[in-house]
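# Structure at a glance
Each chain, written out:
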Amino acid sequence: MSAERKTRIVGRSVAKSDGMELACGAPLFCEDQLPPGCLHARVLRSSYAHARIVSLDVAPAEQLEGVAAVLHHGNVPRVMRTTAGQGAPEPSPYDFTTFDSKLRYVGDRVAAVAAETPELARQALGLIQLEVEQLPAIIDAHKAQAPGAVVIHDEPDARVVIPVTYEPQRNLVAHVDFQVGDVEKGLAAADASFDREYSCHYAQHAPIEPHCALAEPLANGRLRITTSTQVPFHVRRIVAQALQWPVSRIRVIKPRIGGGFGAKQEVLIEDLVAFLAVRSGRPVFLRLSRAEEFNSRTRHPMHIRLRTSVSAKGELKSVDMNVLSNTGAYGCHGLTVVCNCGSKVLPLYRWDDIRFWADVVYTNGPVAGAYRGYGATQAAFAMEVQMDEMARALGIDPVQFRLQNHIRSGETSPVFQALGEGGEGVAQNIGSNGLAKCLRQAAKEFGWRRRPRRQSKAILRRGQGMACLMQGSSIPEVDMGAASIKMNEDGSFNLLVGATDLGTGSDTILAQIAAEVLGVEMAQILVTSSDTDLTPFDVGAYASSTTYLSGEAVRKAAKTVAGQIRKVAANILGLPVRKLSLAEGQVVAADGQSLTLARIGASSLYEKDQNQIGAFASHTTQKSPPPFSAHFAEVEVDTETGLVRVLDYVAAVDCGTAINPALAEGQVEGAVANGLGYALIEEIKLDERGRLRNGSFREYKIPSTLDLPKIRVILVPTYEASGPYGAKSVSEIGINGPLPAIANAIFDAVGVRLRQAPFTPEKILAALKAAEQESS
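Description of the structure in this document. Along each chain, residues carry numbers from 1 onward, in the same order as the chain's sequence is written. This being a predicted model, a pLDDT of at least 70 is required before a residue's local features are given, and a value of 80 or more before pairs of side-chain atoms are given or counted; all residues contribute to the totals for chains, interfaces and linings. Note that the side-chain values use all heavy atoms of the structure and ignore hydrogens as well as water.

Bringing the overall build of the chain into the picture now. Helix and strand definitions follow DSSP, with helices as H or I runs of at least four residues and strands as E runs of at least two, each counted in order from the N terminus. The secondary structure content of the chain amounts to 18 helices and 26 strands. To get the radius of gyration, use the C-alpha atoms; to get the globule rule, take the number of residues to the power 0.38 and multiply by 2.2 Å. Here the C-alpha atoms of the chain give a radius of gyration of 27 Å, agreeing with the 28 Å that 2.2 N^0.38 yields for 776 residues. Taking the principal axes of its C-alpha atoms as reference, the chain extends roughly 90 × 70 × 45 Å. For the exposure calls, accessible area comes from a 1.4 Å probe over protein chains only, and a residue counts as buried if that area is under 20% of its type's maximum, exposed if over 50%, partly exposed in between. Counting all 776 residues of the chain, 63% fall into the buried class. Two residues qualify as a contact provided that any one of their heavy atoms is within 4.5 Å of a heavy atom in the partner residue. Taking contacts inside the chain between residues at least 6 apart in sequence as the whole, the part at least 24 apart equals 80%. Each accessible area value is a Shrake-Rupley result obtained with a 1.4 Å probe; residue values ignore everything except the protein chains displayed when judging cover. Accessible surface, the chain: about 28000 Å² in total, of which carbon and sulfur atoms supply 50%. Distance from the positive charge centre (81 side chains) to the negative charge centre (83 side chains) of the chain: 4 Å. For the purpose of counting charges, residues Lys and Arg are taken to be positive, whereas Asp and Glu are taken to be negative. His and the chain ends are not included. For this purpose, a charge sits on NZ of Lys, CZ of Arg, CG of Asp or CD of Glu.

Written out as structure tokens, the structure is:
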């Protein structure tokens, strides 16, 4: 859309379309759909970080009464693929098959069993006899490319399907580099330069509902898969790959899901239930245990070296970002996540010279994948802490420093074209940009630099920190979303979308867009989503794309339907189409005549010139307009225990037009809560053999409502001309703020810079002790 206008439904905080059902505990989730006679699956997993299977005897398990099928590398076709739910051809390497004779991390698949009960399935796993040859393991990413390092993927059929760097013999999953200008000269010539290193850690998405999937063989030879996924159409394609079936034989349905956050952008278990259902001829259900979920997919641990330079007047000069990313045992999302470190962070500020260099390496650690923020979280931590340090070194207020240097509307960055999700990007100019307003409004709401300060010798010391952020909206010229709308005789509409609502409220938001165009209330829009047999194609819920990408497909389909409605009404009224408009469930003429939509619907289906009013529409994007955000945090640091408490948090966000302000605010609040956990308490811990040490909610803590500070969200309205009703994304950006904002606030409180997350009491005390020793 190219012009801002007043709206009736868009911009209102209408109730979520599924809110009442969820509140009442309706059976909406995958595990609620189990049919009679359903088998239960369990997976035997590796206890070794790196090993080769010497022998595997599954006969005792197969002979156990009640066991219907046992799968392993000896009886399942070897079909190399990726588990990453991405557009095809995928930028992730084809380095995975359903079962392999080599085990590459603790938790890798050895075998799978389907049995009458979960208990029988577990008993059968215990009967499987496994003998392995243990191999040297690499847990530390810095050692993955050392001379003589063991090769984790030595299989000859591991490959990439697009022309990108992939050297598994060096444990190199991906390499990205580009340069604009003379970075070394710029660093040397500037008034001040900074060279710092940062580390981000393993963390798990911790969805309350673990991965689960149900596969049902149908009488017509097809397979129906009901699965808790973000990417139903990618599930269909990848399971078809594994089974070596045409996609026409597979139907995938996404029910309501209990959290995803990127973990369910992975096709992680659907192939197992599919194979087991085909082998047994019966429905099969698999739900991961909490320990398995913790070892399923994680955020990519990264080590970042960031060199920057600045003039005495506070003008940014050169930036050099060097990233080492640990993808674990398989390369899913490895390239695309590390590309986002550059593409979603470096363009935020105006630099004279830019260099980005990144390696993604295999290790024998847990497999990393998609996680909300998708690489921007790690890189924003490094950039925003360093921006704070530069501002303080120059004696410039951190807010003013960012106001002076951030990208403006109409400007571009060479990074946009150099880096996309998987390689080369798309040149674009910034359209809507409310970052300056975000900074000023959030600073005012927060009371930046006006809060009382604690004495420097006090035990409890308070500090303030802030950070700026940008993200993106969809993957331009790659991903596509589609929608269809048909009219019923009572004036209601069926909206069918492939887009995936993973709790974000996208079904509601897409219905609002349709209702706005068609001039009806929300109750007249009946949404069906995420069924590969019934709904049009959509890539799924990732890359902050649903509102911006799929929403525009809905708007286009609704606009076509509105035109069809006006044409039918024009024939009934004998008036020109141009004199008719849709409002309040009617077609209204300029002369005051009107027809209800029910009258038009009935006429089109039963009376003269009968035809079905309806339309399909597809949409791809040509740009990825960034949302912008400014975050402010106040912390209190206990210098005796090292405990950090976040006392207050303000996040101002420019997401264009908020289609549903309450849902947008909820997305930001949830993302901030997620980011607070990552900054302070969440960390997957491994022992020296690569085994998970804290694979339950007893040991791995996530914030509860009692742990959270007051979080205030400010929606700063702008209008993004390329988005539906001026909208762009909001769901991911908020998670990137807490890590740098809290790090900067800790420095403000106690004078120590923390560059290794999370900021645990042990790290605080160690940093304070080191600072004390240095000063003495």
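There is more to say, and it comes next.
Another point: helix α16 (residues 661-680). A helix is expected to span 1.5 Å multiplied by its residue count minus one. Taking 1.5 Å per residue, 20 residues should reach 28 Å; α16 reaches 29 Å between its end C-alpha atoms and fits that length. Across the 20 residues that make up α16, a large majority, 15, are buried.

This part takes up the pattern of salt bridges. The term salt bridge refers to a pairing of a side-chain nitrogen on Lys or Arg with a carboxyl oxygen on Asp or Glu at a separation within 4 Å. Per the counting criterion, the structure on display carries 48 salt bridges. With its nearest N and O atoms 2.5 Å apart, the salt bridge here joins Arg-305 to Asp-195. With Arg-305 in strand β13 (residues 302-310) and Asp-195 in strand β8 (residues 192-200), the pair connects residues that are 110 residues apart, well separated along the chain. Among the residues examined, Arg-305 registers a relative accessible area of 34% and is labelled partly exposed. By relative accessible area, Asp-195 is classed as partly exposed at 35%. Measuring nitrogen to oxygen at the nearest pair gives 3.2 Å for the salt bridge that ties Arg-224 to Glu-216. Beyond isolated ion pairs, a larger network of salt bridges with shared partners links Arg-78, Asp-100, Arg-104, Glu-155 and Asp-157.

So, on to the sheet that holds β13. A pair of strands is treated as paired once DSSP finds two or more bridges between them. Spatially, β7-β15-β14-β13-β8 is the arrangement adopted by the five strands of the open sheet, whose pairing is mixed. Each end of this open sheet is capped by a strand with a single partner; those strands are β7 (172-180) and β8. Direction aside, the axes of adjacent strands within the sheet are offset by 5° on average. Note that β8 and β13 share nine bridges and pair antiparallel. Bridging across to β13, Phe-194 finds its partner in Thr-308. Where helices are involved, their axes are fitted lines through C-alpha atoms of the stretch in contact, as for all axes, and angles between N-to-C directions lie from 0 to 180°.

Moving on: the sheet that holds strand β1 (residues 39-45). Ordered by their spatial adjacency, seven strands build an open sheet running β3-β5-β1-β12-β9-β10-β11, and the pairing between neighbours is mixed. This sheet does not close on itself; its edge strands, each paired only once, are β3 (67-72) and β11 (250-253). For this sheet, the mean angle separating the axes of adjacent strands, direction not counted, is 20°. The sheet contact formed by strand β9 (residues 212-217) and strand β10 (residues 223-227) spans five bridges and is antiparallel. Along β10, the bridge assignment pairs Ala-213 with Thr-227. This element, helix α3 (residues 118-127), spans β1, β3 and β5 (109-115) of the sheet and lies at about 30° to β1. Packing against the sheet, helix α5 (residues 232-243) makes contact with β10 and β11, and its axis sits at approximately 145° to β11.

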